[in-house]
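So you can see what is in the structure, the chains are spelled out below.
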Amino acid sequence: MKLEHHRVANTLGEILDAAAAGEFPPADGGTTVVPQPNPRDAGVIAFTAHSVVFTDEDPQWVRSTLAALECDALAATMHPRFLAALLDRTRRTTDTVDLLTVAGPLPGDPPLELREVADPDHPRVRRALRRRDDVRVWAADGGVLVLGRGVAGRWETAIEVDEAARHRGLGRDLACAARHLVPDGRPVWSQQAAGNARSIRAFQAAGFRPVGSEALLLAPPS
């Protein structure tokens with residue numbers, strides 16, 4: 001197993017900015033370990049033939065744990081045994097391994113009518129605040145759009161579509177709306193569970209392109 005002992009970039013933020021621009025770590029089978037960008041965000045991102053582990057744990061522990069796995073070296077960072085060991089060591093939890101996608105901003109107004117939800121007790125606001133800062137939520141007839149700053153300060157979006165409103169293109173329109181609403185001309189990121197084919201299709205139809213897989217390690221509620 002080839003494990004790099006140098007960093008692809010100085011910070012996770014730089015790696016993500018480069019990936020959003022289409023510039024990825026070398027497809028050399030390596031693993032880069034970088035510090036967490038903040039106490040909240042830790043995890044693993046697997047790009048094509050190169051992974052990035054962002055954690056404040058000892059990088060040598062990361063490398064030795066990966067090297068001990070009996071699996072395809074390119075799959076090691078997303079192997080259940082490595083993720084379980086990392087979760088145990090950090091005392092964190094996770095939900096799933098997601099497809100990580102990104103899209104550039106779009107000018108003008110969103111393609112559907114949205115109403116901003118200002119209630120801080122709205123369930124989507126409370127849920128989003130566990131993982132994001134500067135959270136804003138909009139409602140449409142049959143759906144909800146969330147936008148906020150997530151891992152390493154990147155802008156992230158998530159959507160929900162009511163069952164009764166499916167198969168009408170609403171998910172695609174909500175995902176596209178995020179590209180109109182993201183501030184400062186920044187790219188907007190989103191994660192879709194690998195088994196959620198509906199969500200993957202909606203985001204790709206809205207112009208989001210896959211860049212890797214991601215496992216976020218969630219800190220316990222304070």
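Look a little higher up for the structure.
Residues numbered from 1 in each chain as written. Predicted model: local features only at pLDDT ≥ 70, side-chain atom pairs only at ≥ 80, totals over all residues. Heavy atoms only, no water.

1. Considering the overall build of the chain
Move 1: The number of helices and strands found in the chain is six helices and 10 strands.
Move 2: Considering the chain as a whole, with its 222 residues, one finds that 50% of them fall into the buried category.
Move 3: Expressed as a percentage of contacts within the chain between residues at least 6 apart in sequence, the contacts between residues at least 24 apart total 64%.
Move 4: Surface exposure of the chain reaches about 11,000 Å², of which carbon and sulfur atoms provide 49%. (Helix = DSSP H or I, 4+ residues; strand = E, 2+ residues; numbered from the N terminus. Buried < 20%, exposed > 50% of the residue type's maximum accessible area, 1.4 Å probe, protein only. Contact = heavy atoms within 4.5 Å. Areas by Shrake-Rupley, 256 points an atom, 1.4 Å probe, with all protein chains shown as cover.)

2. Observations regarding the packing of aromatic side chains
Move 1: Evaluation of the coordinates by the stated rule reveals three aromatic pairs.
Move 2: Residues F203 and F208 carry aromatic rings whose centres are separated by 5.0 Å and whose planes lie at 85 degrees to one another, so their mutual orientation is edge-to-face. The residues F203 and F208 share a single accessibility class, namely buried. (Phe/Tyr/Trp six-rings, centres within 6.5 Å; stacked < 30°, edge-to-face > 60°.)

3. Digging into the environment of V44
Move 1: Tracing the backbone through its elements, the reader meets V44 in strand β2 (residues 42–47).
Move 2: When neighbours within four sequence positions are excluded, V44 is seen to be in contact with V52, V53, F54, T77, M78, F82, L83, L86, S213, E214 and A215.

Such coordinate-based values are descriptive only and should not be taken to indicate function.
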